[in-house]
Amino acid sequence: MAAPELELTARALVAPGKGILAADESDGTIKKRFDSIGAESTEDNRRAYRDLLFTTQGAEEFISGVILFDETIRQSSADGTPFPELLSSRGVIPGIKVDKGAKPLANAPGETITEGLDGLRERLEEYRGLGARFAKWRATYSIGPELPSEYCVWTNAHALARYAALCQEAGIVPIVEPEVLMDGEHTIDEAAKVTGRVLQGLYTELRDQRVDFAGTLLKPNMVLSGYDAGDRAGVDEVAERTLEVFYRHVPAAVPGIVFLSGGQTDEDATAHLNAMNARGPHPWQLSFSYGRALQAPALKAWGGRRENVEAAQRAYYHRAKMNGAARTGSYAPEMEQAAA
Ligand code: 13P
C-alpha cells in the first residue's frame, strides 16, 4: 500500500471534474511564450503572469493542482502571500517540476535523456518544506525511422523510476511524464506502437524499483498522428487508439492519467479528453495536466499589459471550465461560444 497520504494526494489531484494546470515553464520556455506576445521575460513579468493565473476567481472549481517552476515556488502574489500558500488557501495543491531538462543522449543522435537525479533527495526535502505535495519529471521521445531506440526508452524509464522512488520516500506524489513528441509525419499507428513501448519500459522499471503505483500519476501524450502527417486522425480515432494503448499498458492501481497537451490546439486537447471520458467508466480517472492548452488564450489576452489582466483571467477560467466539462464527457464545441 502507498503511504495513505500519497494515495490521498494523488486521488485529490484527479478529483471529479478537476485537473492540473502546468505553469512550470523553465526560463527558456517562458521566454519563448513571452516572445510570442511581445512581452519581456523579466522576473517580475513572470511573477505577474503567474499571479494572474493563480488569483483567477473560481478556477479552483476545475483546477486541483498547479505545477510550479523553481523560481515560481519561491515567489509571492502582489499582496505578499507566497504562491504555494495562496494556492493551498484556495484548495489547490502546489506541485513542482524537478527535472533539469532533456539533454542529448550519448551515442544516440537525435535522442535525449532527462537529467536531474543528482542531489534530488535534498531538493525534494526543500520543496516539501516550501509546500510542494507532488512533482513532475518529463522524458521525451522522438518518432523516426529508427527512433526511439530501446536504449532511449530504457534509460529514460530507469531515470523516471529513480525519480519516482525518491519522491515517494519524501512524501511527494511523483507524476511520471513520458512524452512521445508529435513532431514528424508519422501515422497514428506508429504513435500507438511507440507509446506502448515507452509505457511498457516505464511500468517495468517502476515495478522493479518498488514504486507504489497507487501513489503516482501518469502524464502521457495522447496517441496522435504526427503534426506533418498527410491524413491526420480525427477525434474518435484519437480517443479509441489512446484508450487501447493505455488499457494494455497502465496498471489499474494507478489512480489517474493526466494528459499533457503537447502542442495540440486548446480545443482539440479538450475534445480528445472529452471523447475518452464519454467512453467511460475506465479503471483510472482520465484528466488533464495542460500547459499550453490551458494558457494559450490567456497569454494572448494578457499581452504583457496590466490593463488586460481581467480579460486574461476570463480566458483562463473559460478553458479551465471547458476541460472540467471534458472530465465527465459533457463538453460540446458549442460551449466555446459562451466564452467570456
Ligand atoms: P503542454 O500541455 O503545453 O504540453 O505542457 C504540459 C507540460 O507540463 C509539459 O511538460
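As a starting point, this report considers the structure included with it. A quick note: this is a predicted structure, and the numbers were derived from the prediction, not measured. (Residues numbered from 1 in each chain as written. Predicted model: local features only at pLDDT ≥ 70, side-chain atom pairs only at ≥ 80, totals over all residues. Heavy atoms only, no water.)

### Concerning the environment of Pro109
Relative to the helices and strands, Pro109 is located in the loop between strand S4 (102-104) and strand S5 (112-114). Between the alpha carbons of Pro109 and Leu147 there is a distance of 9.8 Å; along the sequence they are 38 residues apart. (Helix = DSSP H or I, 4+ residues; strand = E, 2+ residues; numbered from the N terminus.)

### Regarding helix H6 (residues 120-129)
Listed in full, the buried residues belonging to H6 are Leu120, Arg123, Leu124 and Tyr127. Down the axis, H6 shows its buried residues gathered within 100° of arc, on one side only. Every exposed residue of H6 that faces more than 90 degrees away from the buried side is listed here: Glu122, Glu125 and Gly129. Tucked inside the fold, the buried residues of H6 contact helix H4 (70-73), strand S3 (93-97), strand S6 (134-141) and helix H7 (150-169). (Buried < 20%, exposed > 50% of the residue type's maximum accessible area, 1.4 Å probe, protein only. Arc of directions from axis to C-beta. Contact = heavy atoms within 4.5 Å.)

### Here we look at the site of the ligand
Near the ligand you find 13 residues, and of these Lys136, Lys219, Ser261, Gly262 and Arg292 are the closest. Within the side chain of Lys219, a nitrogen or oxygen atom sits 2.7 Å from an oxygen atom of the ligand. A distance of 2.7 Å is found between an oxygen atom of the ligand and a backbone nitrogen or oxygen belonging to Gly262. Its free accessible area being 300 Å², the ligand has 91% of it covered by the protein chains. Judged by its atoms lying within 2 Å of the grid points, the ligand is housed in the largest pocket. Elements that contribute at least two residues to the shell around the ligand include exactly S6 and strand S10 (285-290). Looking at side-chain class alone, the shell around the ligand contains 3 nonpolar, 4 polar and 6 charged residues. (Near = heavy atom within 4 Å. Polar contact = N/O pair within 3.5 Å; in protein donor to acceptor, adjacent residues only side chain to side chain. Areas by Shrake-Rupley, 256 points an atom, 1.4 Å probe, with all protein chains shown as cover. 1 Å grid on protein atoms, 1.4 Å probe; cavity = no way out; pocket = protein on both sides within 12 Å on 5 of 7 lines; lining within 4 Å. Sits in = over half its atoms within 2 Å of the grid points. Nonpolar A, V, L, I, M, F, W, Y, C, P; charged D, E, K, R; others polar.)

### Let's talk about the nonpolar core
Formed by 95 residues in total, the largest nonpolar core has its most connected members in Phe54, Ile63 and Tyr163. For Ile63, the contacting residues outside a window of four places in its chain are Lys18, Gly19, Leu21, Val92, Phe288, Leu294, Tyr316 and Ala320. (Core = buried A, V, L, I, M, F, W, Y, C linked by side-chain atoms within 4.5 Å.)

### Some points on the packing of aromatic side chains
By the definition in use, this model includes 10 aromatic pairs. For the pair Phe62 and Tyr317, a centre-to-centre distance of 5.6 Å together with 65° between the ring planes defines the contact as edge-to-face. Separated by 255 residues along the polypeptide, Phe62 in the loop between helix H3 (43-54) and strand S2 (63-68) and Tyr317 in helix H12 (residues 309-326) bring together distant segments of the chain. For Phe62, a relative accessible area of 12% gives the class buried. By relative accessible area, which is 23% here, Tyr317 ends up partly exposed. Between Phe288 and Tyr290, the ring centres sit 5.6 Å apart and the planes meet at 35°, which makes this aromatic pair tilted. With relative accessibility at 0%, the residue Phe288 sits in the buried group. Using a relative accessible area of 0% as the deciding quantity, one classes Tyr290 as buried. Taken together, the ring pairs connect Phe34, Tyr49 and Trp302 into an aromatic cluster. (Phe/Tyr/Trp six-rings, centres within 6.5 Å; stacked < 30°, edge-to-face > 60°.)

### As for the layout of surface pockets
Taken as a whole, the largest pocket spans an internal volume of roughly 700 Å³. Along the wall of the largest pocket there are 36 residues; nearest its centre are Glu25, Thr29, Arg33, Arg138 and Arg292. Secondary structure elements with two or more residues in the lining of the largest pocket: helix H2 (27-35), S6, strand S7 (173-180), S10 and helix H11 (292-302). In terms of residues, the lining of the largest pocket owes the most to one element, H11, which gives 5 residues. (Points joined across faces, edges and corners; volume = space filled by probe spheres on them.)

### A word on empty space enclosed by the protein
Within the structure shown, the criterion is met by 3 cavities of 30 Å³ or more. One number sums up the size of the largest cavity: a volume of about 80 Å³. In terms of lining residues, the largest cavity is bounded by Leu21, Leu53, Phe54, Thr56, Ala59, Glu60, Ile63, Val66, Leu87, Arg90, Val92 and Tyr316. Going through the elements one at a time, H3 and S2 are the ones with two or more residues in the lining of the largest cavity. By residue class, the composition of the lining of the largest cavity is 9 nonpolar, 1 polar and 2 charged. Of the pockets and cavities examined, the second largest cavity occupies roughly 50 Å³. Lining the second largest cavity are Glu179, Val180, Leu181, Met182, Asn221, Met222, Leu224, Leu260, Ser261, Gly262 and Gln264. Looking at the lining of the second largest cavity, its residues break down into 6 nonpolar, 4 polar and 1 charged.

Taken by themselves, the reported measurements are silent on function.
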